[in-house]
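# A structural walkthrough
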Amino acid sequence: MKILIAGYGSIGRRHLNNLRALGETDLLLLRSHRSTLPDNEISDIPVETTIQAALAHQPQAVVVANPTAMHLDVAIPAALAGCSILMEKPISHSLARLDELQTALAKGGGGFLTAFQYRFHPGLRQILQWIQEQKAGTIVSVQSHWGEYLPGWHPWEDYRASYSARADLGGGVVNTLCHPFDYLRWMFGDAESVYAKTSNHGLNLPVEDNAEVLLQYLSGVSACVHLDYLQRPAQHDLRIIGTAGTLYWSNADGIARYYQPETQNWEEALPPAGFERNTLFTDEMAHFLRVARKEEAPQCTLEDGSAILQLTQAVHRSAREGCLVKF
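Here the structure is a predicted model, which means the values were calculated and not measured. (Residues numbered from 1 in each chain as written. Predicted model: local features only at pLDDT ≥ 70, side-chain atom pairs only at ≥ 80, totals over all residues. Heavy atoms only, no water.)

### Regarding the environment of Ala191
Short version of the rule: Counting from the N terminus, the helices are the DSSP runs of H or I reaching at least four residues and the strands are the DSSP runs of E reaching at least two. Only protein chains enter the accessibility calculation, which uses a 1.4 Å probe; a residue is then buried when its area is under 20% of its type maximum, exposed when over 50%, and partly exposed in between. Any pair of residues with heavy atoms lying within 4.5 Å of one another is described as a contacting pair.
For Ala191, the location among the structural elements is in strand E8 (residues 191-199). The buried category is assigned to Ala191, whose relative accessible area is 15%. In this structure the C-alpha to C-alpha distance between Ala191 and Phe181, which are 10 residues apart in sequence, comes to 9.6 Å. Not counting residues up to four positions away in its chain, the partners in contact with Ala191 are Leu215, Gln216, Tyr217, Leu218 and Phe327.

Spelled out as structure tokens, the structure:
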């Protein structure tokens, strides 16, 4: 299967290396040549600079890993050409043209997977199983916290020039760190309303670097999501409070924990031996290859990606207008 990778930033390089590790050798790159990464790792891979030229190679699958604001410029023609698509999150910076993408996929017949890799985390999968088993009883409230210092993400480049820090490329902490919005929807269903406050006082960027988001879900669950580009050391965790106990997951060790009030002890579910951060991406990519070969249905669809984009747009609107946004 010929696979096109659009974008050679850090996530594009990760996907490329994982495809190689999974045994894929028929690879092609679509590049703008503005990446700060060295070219020596990709000297053996054909490169095109326009999507039209890249599609002339007739790839069967496309990994969309260029800046958020440019996703649909690649995805729509690729979908029309019949390619299956792995789309990095968020799927776009705007709701415009999503219907065009949906139409293109229906016409082309390819598969589509939104790249929310935390759906492949064994700890979060265990948390979801415990919720479904009602181990913590009725879930009442949730707190998700993700803070991570943006200047330390890619030390080889000026963080102010990265897409995460640029409004024109679809950056900002709400878009860039939108994973909690997806895994909370995965666990609790659709949101009913959102209220948010954002600021950019920490790094003085043209995008928000801090966000506090209150969510009310149709299932009755209330959630508070904190996101920032500032915290050192990094913290990414999830606490779920129910009528019969508490569930907790930390990205630092990957362990899912269930507090049992009767014994006053924590039950722990550890990740499998050998698990590390890149395992999320390799498992996601292996799943995408099976989606592209029509062996599996996507675990995170275009509709899932669209729902989170609608949510992040509502977060921005609430912060901008100071209002509660209802869905």
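That covers the picture; the talk isn't over yet.
### What to know about the sheet that holds strand E2 (residues 27-30)
To keep it simple, the criterion reads: Should DSSP find at least two bridges between two strands, the strands are regarded as paired. Fitted lines through C-alpha atoms give the axes, limited to the stretch in contact for helices. The angle between two N-to-C directions lies from 0 to 180 degrees.
In space, the 6 strands of this open sheet follow the order E3-E2-E1-E4-E5-E6, with parallel pairing throughout. Bordering the open sheet on either side are strand E3 (47-48) and strand E6 (112-115), each of which pairs with just one other strand. Each of strand E1 (3-6), E2, strand E4 (61-64) and strand E5 (84-88) is contacted by helix H1 (residues 10-21), which is oriented at about 160° to E1, the strand it contacts most.

### Thoughts on helix H3 (residues 71-80)
Judged by how many residues are buried, H3 sits mostly within the fold: 7 of 10 residues are covered. Taken together, the buried positions of H3 are His71, Leu72, Val74, Ala75, Ile76, Ala78 and Ala79. Elements in contact with the buried residues of H3: E1, E2, helix H2 (51-55), E4, E5 and helix H4 (98-108). Directly beyond the C-terminal end of H3, a positive phi value near 90° is found at Gly82.

### A word on helix H8 (residues 277-292)
Operational definition: The span expected for a helix works out to 1.5 Å for each residue beyond the first.
Its 16 residues place the ends of H8 24 Å apart at the C-alpha level, agreeing with the 22 Å of an ideal helix rising 1.5 Å per residue. Taken as a whole, H8 has its buried residues at Asn278, Thr279, Leu280, Phe281, Glu284, Met285, Ala286, His287, Phe288, Leu289, Val291 and Ala292. The inward-facing, buried residues of H8 contact E1, H1, E4, E5 and E6. Where H8 ends, the next residue or the one after it, Lys294, has phi of about 60°, a positive value.

### Observations regarding the environment of Val63
You can see Val63 is positioned in strand E4. Apart from residues no more than four positions distant in its own chain, Val63 is found in contact with Ile3, Leu4, Ile5, Ala6, His15, Leu86, Met285 and Phe288.

### Structural notes on the layout of surface pockets
Gaps left between atoms are located by rolling a probe of water-molecule size over the structure's atoms. The condition that has to hold: Any residue with an atom within 4 Å of a point lines the site, the site being either a cavity, points on a 1 Å grid over the protein atoms alone where a 1.4 Å probe fits but cannot get out, or a pocket, an open set with protein on both sides within 12 Å along at least 5 of 7 lines. Grid points are joined across faces, edges and corners, and a volume is the space filled by probe spheres set on the points. In this classification, Asp, Glu, Lys and Arg are treated as charged, Ala, Val, Leu, Ile, Met, Phe, Trp, Tyr, Cys and Pro as nonpolar, and every other residue, Gly included, as polar.
The calculated volume of the second largest pocket comes to roughly 160 Å³. For the lining of the second largest pocket, a count of residues per class yields 3 nonpolar, 6 polar and 1 charged.

### What about the packing of aromatic side chains?
For the record, the criterion: Stacked, tilted and edge-to-face pairs are distinguished by plane angle, under 30 degrees for stacked and over 60 for edge-to-face with tilted covering the rest, among Phe, Tyr and Trp rings (Trp via its six-membered ring) whose centres lie within 6.5 Å.
One pass over the structure, following the stated rule, counts 8 aromatic pairs. With centroids separated by 5.8 Å and ring planes inclined at 75°, the aromatic side chains of Tyr118 and Trp146 adopt a geometry described as edge-to-face. Of this pair, Tyr118 sits in the loop between E6 and helix H5 (122-132) while Trp146 sits in strand E7 (residues 139-147), and the two are 28 residues apart along the sequence. Taken individually, Tyr118 and Trp146 each receive the classification buried, so the pair is uniform in this respect. The interplanar angle of 50° and the centroid separation of 6.0 Å between the aromatic rings of Trp130 and Tyr258 together place this pair among those described as tilted. Of this pair, Trp130 sits in helix H5 while Tyr258 sits in strand E13 (residues 256-260), and the two are 128 residues apart along the sequence. Of the aromatic side chains, those joined through ring pairs into one cluster are Tyr118, Trp146, Tyr183 and Trp249.

### Thoughts on the side chain of Thr176
So the rule is basically this: Definition of a polar contact: a pair of N or O atoms within 3.5 Å, with one able to donate and the other able to accept a hydrogen when the atoms are protein atoms, and with sequence-neighbouring residues admitted only if both atoms are side-chain atoms.
Residue position: Thr176 is located in helix H6 (residues 173-176). Owing to a relative accessible area of 5%, Thr176 belongs among the buried residues under this scheme. At a separation of 3.0 Å, a polar atom in the side chain of Thr176 contacts the side chain of Tyr229. Discounting residues that sit within four places of it in the chain, Thr176 has contacts with Lys89, Trp153, Tyr163, Ser164, Gly171 and Tyr229.

### Here we look at the packing of H5 against helix H7 (residues 179-188)
What counts here: Here the word oblique covers every angle except those under 35 degrees (roughly parallel), over 145 (roughly antiparallel) and from 65 to 115 (roughly perpendicular). Definitions for this section: a left-handed crossing has its near helix turned counterclockwise from the far helix by less than a right angle. A right-handed crossing has that turn clockwise.
At a closest axis distance of 10 Å, the pairing of H5 and H7 adopts a crossing angle of 30°. Overall, the two elements H5 and H7 adopt an arrangement that is roughly parallel. By crossing handedness, the relation of H5 to H7 is classed as right-handed. Judged by residue contacts, Leu124, Arg125, Ile127, Leu128 and Ile131 of H5 engage Tyr183, Trp186, Met187 and Phe188 from H7. For the contact of H5 with H7, the class distribution of residues is 8 nonpolar, no polar and 1 charged.

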